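Observations on the three-dimensional arrangement
Residues per chain, in single letters:
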Amino acid sequence: MSDKSSEKDQALMEKIVSLCKRRGFIFQSAEIYGGANGCWDYGPLGAELKRNLKDYWWRKNVQEREDILGLDGSILTLESVLEASGHLGGFSDPMCDCLLTKARLRADEIDPQSGTSYHYTGASHEESGWSVERPYSVLLSENQDENKARKTARLYYSQFLSDKQISPKKLELAGESTEEVTDSTSYNPENGSLLTAAREFNLMFKTKMGASADENDPKGTAYLRPETAQTIFVQFKNVVDSNRVKLPFGIAQIGKSFRNEINPRNYTFRSREFEQMEIEYFCREEDGMRLTDEWLETRLSFYEEIGIPREHLHVLDVPDGERAHYSKRTYDIEYEFPFGIQELEGVAYRTDYDLKKHREHSGKPIEFFDDEAKEKLLPHVVEPSAGCDRTILALICEAYDEETITDDKGKEETRIVMRFSPRMAPIKVAVLPLLKNKPELVAKAREVQSMLTPFMNVFYDETAAIGRRYRRQDEVGTPFCVTIDFETLGENGDEDKDTVTIRERDSMEQRRIPISELREYLLDAIV
Ligand code: GAP
């Protein structure tokens, strides 16, 4: 990506973030207390948008399918579950700290750098007699002044001074030597400071359950689940025993997951608290690969149905060696975010790994009895696992648009319009009386509002000029505005009595429609 286009994308992202706050889609969590890093609160419009996405996902994947059942599992998860699933031992990221600023970085995300490394063995302050012996290094790229290395090293050693009145500039550095390094990931790309060696950092949030003070009580420790999937595997037998199912069949769940991400970033993209929409689709082993390919197509169609076109999605067939060790095939569905092409969803063939692990650790027989084949087996599983918050972010990025329009007086202005698909739009229709000081118009508009509210999210607005009210709705993506005017009241003759003007957001076209047809018309568009 060229510098120009990345600047443009960054500017676009800033506009999106600003609109989301201004219009109440997304707020930073605990903002008035300085903000909780990696946590986000959805405002009134964001909450509607999220609800629309989750409801549509649920409808398509649970209610409209005979082969998938729903589940709503607990977030607090026993240690034994996560020990079996491998999260306790293995759910970690390699992390290192900047020795100078203490910033925590993900070791596997540091870009390799080359240059001259300046090594030091320690520092001292002659006047006070203070000294410290510790190896430290600073990496300078070509053309950087060597004094920068010395300044950084002095700052580093000054952390160990007990007398904070002593200026770092007064420190004498010891044992300076240099070395050329190539493609090193041992230095902070921001300031050249040496990093600590990488350590594994478990991403799970741990908590105590109940009043037990015993550290070793296995039921006294719980974790906030790092994925919704494990509840499904753990409840597999109960779901099978309480329902009549035959292979292949799935169990679906939408819910919160928590990961103590080292670097939450890119707005809501990588958060510490987020929602997942996951399906575990159980099948016979011989069908696993085929069903993985079928699920990929089903999921790609889903994104198109919610307004994310296929050409903005990418499919990565994760190569051998980069997949989870138990997965025989994994596709990542990626979206072209302004900050780069990034994962929205994984479609993974997880074999029988999870059920096998829970059978082994729980000691319980969780096999499935296949009535048709008259055999007991442990099914394999295909898992389409989507991030709800990431999909919301993709919907918002996809919807954001600016266009230049010319008003009636020939003046050009920028129209900001969120082109959400009507299915996802937080507000489906705005009902607007032409004037607020004409009681008949207001009464009629309220009547139309009451007629529609049981079926969809309706917004009533009587303030400001009608053009301004349209713009306000464009900016939050309301696909339709309905205006109650004098024709509606029959003041200009009977022909248009009890009709309203319906204005379409994208084309801005307006036409008249009888109030009696309005509900059907809108329902057809938003279903
Ligand atoms: N059960 C499989 C699983 O959890 P994953 O690839 O770790 O797989 C699935 O997560 C999806 O969950 C991702 O594709 C992404 O959309 C979402 N996700 C994962 N970590 C996230 C985070 N820190 N913030 C927001 N969404 C996240």
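Refer to the structure presented above.
In what follows, the accompanying structure is described. (Residues numbered from 1 in each chain as written. Predicted model: local features only at pLDDT ≥ 70, side-chain atom pairs only at ≥ 80, totals over all residues. Heavy atoms only, no water.)

1. Re the overall build of the chain
Here is the rule: Think of it this way: any DSSP run of H or I at least four residues long counts as a helix, any run of E at least two long counts as a strand, and we number them from the N terminus. To sort residues, take the accessible area from a 1.4 Å probe on protein chains only and compare it with the maximum for the residue type: under 20% means buried, over 50% means exposed, and anything in between is partly exposed. Note on definitions: a residue-residue contact is assigned when non-hydrogen atoms from the two residues lie within 4.5 Å. Surface accessibility follows the Shrake-Rupley procedure with a 1.4 Å probe radius. Residue values consider only the protein chains on display as shielding.
The secondary structure content of the chain amounts to 14 helices and 28 strands. Overall, the C-alpha framework of the chain stretches about 100 × 75 × 50 Å when taken along its three principal axes. Burial analysis of the chain (527 residues in total) assigns 47% to the buried set. Sequence-distant contacts in the chain: of pairs separated by 6 or more residues, those separated by 24 or more amount to 66%. Just so you have it, the chain exposes about 26,500 Å², and 47% of that area is on carbon and sulfur atoms.

2. With respect to the site of the ligand
Under the convention used in this document: Nearness is defined per residue: one heavy atom within 4 Å of the molecule or strand is enough. Under this definition, polar contacts are N or O atom pairs within 3.5 Å; protein pairs additionally need one hydrogen-donor-capable and one acceptor-capable atom, and for neighbouring residues in sequence, both atoms have to be side-chain atoms.
Around the ligand lies a shell of 19 residues, among which Glu 227, Arg 259, Glu 278, Glu 343 and Leu 344 are the nearest. At a separation of 3.0 Å, an oxygen atom of the ligand approaches a polar side-chain atom of Gln 276. Within the side chain of Glu 343, an N or O atom sits 2.5 Å from an oxygen atom of the ligand. Burial of the ligand by the surrounding chains reaches 87%, relative to a free accessible area of 550 Å². Elements that contribute at least two residues to the shell around the ligand include exactly strand E15 (273–283), strand E18 (340–351) and strand E21 (380–387). Tallying contributions element by element places E18 first for the shell around the ligand, with five residues.

3. Quick word on the sheet that holds strand E28 (residues 510–514)
Stated precisely, the cut-off is as follows: Strand pairing is assigned whenever DSSP detects at least two bridges linking the two strands. Axis definition: a line fit to C-alpha positions, over the contact stretch in the case of helices; interaxial angles, taken between N-to-C directions, run 0 to 180 degrees.
Here we have five strands laid out as an open sheet, ordered E25-E24-E26-E27-E28, and mixed in their pairing. A single partner strand is all that each edge strand has here, and the edge strands are strand E25 (458–460) and E28. Mean inter-strand twist for the sheet, computed between neighbouring axes without regard to direction, equals 30°. In this sheet, strand E26 (residues 480–484) lies alongside strand E24 (residues 429–433) in parallel orientation, the contact comprising five bridges. Residue pairing for E26: Ala 430 is matched across the bridge by Cys 481. In the packing of helix H11 (residues 439–452) onto the sheet, contacts are made with E24, E25 and E26, and the angle to E24 comes to roughly 160°.

4. A word on the pairing of strand E8 (residues 130–140)
As paired strands, strand E7 (residues 113–125) and E8 are joined by nine bridges and run antiparallel to one another. Residue pairing across strands places His 125 opposite Trp 130, the latter belonging to E8.

5. Some remarks on H11
Put simply, the rule reads: Here the expected length of a helix is defined as 1.5 Å per residue gap, with one fewer gap than residues. Arc definition: directions from the helix axis to the C-beta atoms.
Compared with the 20 Å implied by 1.5 Å per residue over 14 residues, the 20 Å span of H11 between its first and last C-alpha is a close match. By the burial criterion, the buried members of H11 are Leu 441, Val 442, Lys 444, Ala 445, Val 448, Gln 449 and Leu 452. For H11, the angular spread of the buried residues around the axis is 165°, confining them to a single face. On its buried side, H11 packs onto E24, E25, E26, helix H13 (486–489) and helix H14 (515–526).

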